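Read off the chains here:
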Amino acid sequence: MALLSAATVVVVGLAACRPVPPGSTLRGLADARDGRVVGTSVEPAQFDRTADADLIAAQFSSVTPENAMKWVSVHPGPSTWDFAAADRIVEFAEAHGQRVRGHTLVWHRQNPAWLTGGTFTRDELIAVLHDHIATLVGRYRGRIAQWDVVNEAIADDGTLRDNLWLRGIGPDYIRLAFEFAHEADPDAALFINDYLIERGGAKAATLLWIVASLRSAGVPIDGVGYQTHALVPALMPTPEQFADEMRRFASRGLLVEITEMDVALHLPSDPAIDPQRQADAYGSSVMACLAVRECTGITVWNYSDAESWIPGEFPGFGEASIFDAALAPKPAFERMRQILWWDLRAR
Ligand code: 9MR
């Protein structure tokens, strides 16, 4: 049975009692804990606003392009590429000592019409996939530490998701994508990334089976990304559940990382309850990650409520981030810092 570390238990008991030293940042606190990172998704337009750019640089040690490296952004025509936004993000990260998580090489969404509407034989589609991965991963070789190679490959019922890759290539597309990515950058850590896998169930079972088969076949897969989108705080697993789930993969030699965390509230939110419940949910993920040695970091999806994708896709929900729309820190931010701080003190 897996237990949370004694340190984490201490955190729960004492977090409220001793303040975090003023000015300590998420990135600084996490780095002191075996080099873990705290990241955020980013868009280049955010770098043009000084307050946003300063906050991203100060608090986060990793950035994930929210949209800039997706097929439709970077590869709009069969032989047309647009790296402007992606380049800016990688350059920003390098200027601020941040790691980059590349996102994402194979997905069923945000694909250009030439790809979704095209007619390809199996061999042609494999060649298209190879060209895409070789060009994109190759361009940033040595500069992108982790790639989400395959994103959301499993449907909610635990079957392989019906997407253009499965239809055109067959289940082998997953193996091929990892092999192509490894060929393009042998030093990048290659992840499979998904949502609703944080507390077991059908999707997690299929994922474990896929990952185990790939590894026993010698396919270069290094990690599992837990997106960790929670539509309301109540849907988050407990830290123990989440840590146990991560250990099932970590014990097979995989890294694990929380890659897209946000916790949406049902609007209008209740100021008396919701900010604390949201803080509990973010805090649970930090505790879970700290309890698992192979958990290399936590990325939040959209650092502020002003940037969040949630209201656009889930009307009636929002306020999902750790900073509010005016970039003021919310209780969730403070909770993350407290847990990181107390975990360090308890060691
Ligand atoms: O945050 C992204 C949003 O701007 C896009 O419109 C959306 C399109 O599908 O994708 C969002 O990011 C997704 C991520 O790439 C993969 N996991 C789910 C994220 C939220 O939908």
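Residues numbered from 1 in each chain as written. Predicted model: local features only at pLDDT ≥ 70, side-chain atom pairs only at ≥ 80, totals over all residues. Heavy atoms only, no water.

**Student:** For the overall build of the chain, give the residues involved together with the corresponding values.
**Tutor:** Helix and strand content of the chain: 14 helices and eleven strands. Taking 347 residues into account, the globule formula puts the C-alpha radius of gyration at 20 Å, and the chain, at 20 Å, falls close to it. Projected onto the principal axes, the alpha-carbon positions of the chain cover approximately 65 × 50 × 40 Å. For the chain, with 347 residues in total, the buried portion stands at 56%. Considering only contacts in the chain between residues 6 or more positions apart, those separated by 24 or more positions represent 78%. (Helix = DSSP H or I, 4+ residues; strand = E, 2+ residues; numbered from the N terminus. Rg over C-alpha atoms; globule rule 2.2 N^0.38 Å. Buried < 20%, exposed > 50% of the residue type's maximum accessible area, 1.4 Å probe, protein only. Contact = heavy atoms within 4.5 Å.)

**Student:** Describe the state of the cysteines, listing the residues and the values that go with them.
**Tutor:** Per the stated rule, a full pass over the model turns up one disulfide. Note that Cys289 is cross-linked by a disulfide to Cys295, the S-S spacing being 2.1 Å. An S-S torsion of about -100° defines the bridge between Cys289 and Cys295 as left-handed. (Disulfide = S-S within 2.5 Å.)

**Student:** Pulling in residues and values, what's your account of the packing of aromatic side chains?
**Tutor:** Taken as a whole and judged by the stated rule, the model has nine aromatic pairs. Note on Trp309 and Phe314: the rings are 5.8 Å apart at their centroids and 75° apart in plane angle, and the pair reads as edge-to-face. Seen from their ring centres, Phe323 and Phe333 are 4.8 Å apart, and the 40° between their planes marks the pair as tilted. Remark: Phe333 occurs in helix α14 (residues 331-345) and Phe323 occurs in the loop between β11 (317-318) and α14; sequence separation between them is ten residues. Of the residues examined, Phe323 reaches a relative accessible area of 3% and is grouped as buried. For Phe333, a relative accessible area of 4% corresponds to the buried category. Each member of the aromatic cluster is reached from another via a ring pair, and the members are Trp71, Trp114 and Trp165. The positively charged end of Arg101 is found above the aromatic ring belonging to Phe191, 5.0 Å away from the centroid. (Phe/Tyr/Trp six-rings, centres within 6.5 Å; stacked < 30°, edge-to-face > 60°. Lys NZ or Arg CZ within 6 Å of the ring centre and 35° of its normal.)

**Student:** Lay out the packing of helix α7 (residues 122-139) against helix α9 (residues 173-184) with the relevant residues and their values.
**Tutor:** Each packed pair of helices is defined by two parameters, the angle between the axes and the distance between the axes. The interhelical angle for the contact between α7 and α9, taken along N-to-C directions, is 35°, at an axis separation of 8 Å. Between α7 and α9 lies a crossing of right-handed hand. Within the contact between the two elements, α7 uses Ile126, Leu129, His130, Ile133, Ala134, Val137 and Gly138 and α9 uses Tyr173, Leu176, Ala177, Phe180, Ala181, Glu183 and Ala184. Partitioning the contact of α7 with α9 into residue classes produces eleven nonpolar, two polar and one charged. (Axes fitted to C-alpha atoms, helices over the stretch in contact; angles between N-to-C directions. Left-handed = near helix turned anticlockwise from the far one by under 90°. Nonpolar A, V, L, I, M, F, W, Y, C, P; charged D, E, K, R; others polar.)

**Student:** Any chance you could break down the site of the ligand for me, citing the residues and the numbers?
**Tutor:** Around the ligand, the structure places 14 residues, and the nearest of them are Glu66, Lys70, His103, Glu152 and Glu260. At 3.3 Å, a side-chain N or O of Arg109 approaches an oxygen atom of the ligand. Coverage of the ligand by the protein chains reaches 85% of its 450 Å² of free accessible surface. (Near = heavy atom within 4 Å. Polar contact = N/O pair within 3.5 Å; in protein donor to acceptor, adjacent residues only side chain to side chain. Areas by Shrake-Rupley, 256 points an atom, 1.4 Å probe, with all protein chains shown as cover.)

**Student:** Requested: an account of the environment of Ala53, with residues and values cited.
**Tutor:** Mapped onto the elements, Ala53 comes out in helix α3 (residues 50-59). Taking the C-alpha atoms as reference points, Ala53 and Phe92, 39 residues apart in sequence, are found 9.2 Å from one another. If sequence neighbours within four positions are ignored, Ala53 has contacts with Gln46, Phe47 and Phe92.

**Student:** Give me α7: which residues, what numbers.
**Tutor:** Across its 18 residues, α7 extends 26 Å between first and last C-alpha, which sits within 8% of the 26 Å expected from 1.5 Å per residue. Within α7, the full set of buried residues consists of Leu125, Ile126, Val128, Leu129, His132, Ile133, Leu136 and Val137. Along α7, the residues classed as buried sweep out an arc of 160° about the axis, all on the same side. Buried residues belonging to α7 abut α4 (71-74), β3 (99-106), α6 (113-116), β4 (146-151), α8 (164-168) and α9. (Expected span 1.5 Å × (residues − 1). Arc of directions from axis to C-beta.)

**Student:** Please set out the pattern of salt bridges residue by residue, giving values where relevant.
**Tutor:** By the definition in use, this model includes 24 salt bridges. A salt bridge links Glu245 to Arg248, with the shortest nitrogen-to-oxygen separation between them at 2.8 Å. With Glu245 and Arg248 both in helix α11 (residues 239-250), this residue pair falls three residues apart, about one helical turn. What emerges from the salt-bridge pattern is a single network uniting Arg33, Asp34, Arg36 and Asp343. (Salt bridge = Lys/Arg side-chain N within 4 Å of Asp/Glu carboxyl O.)

On their own, these measurements won't tell you what the molecule is for.
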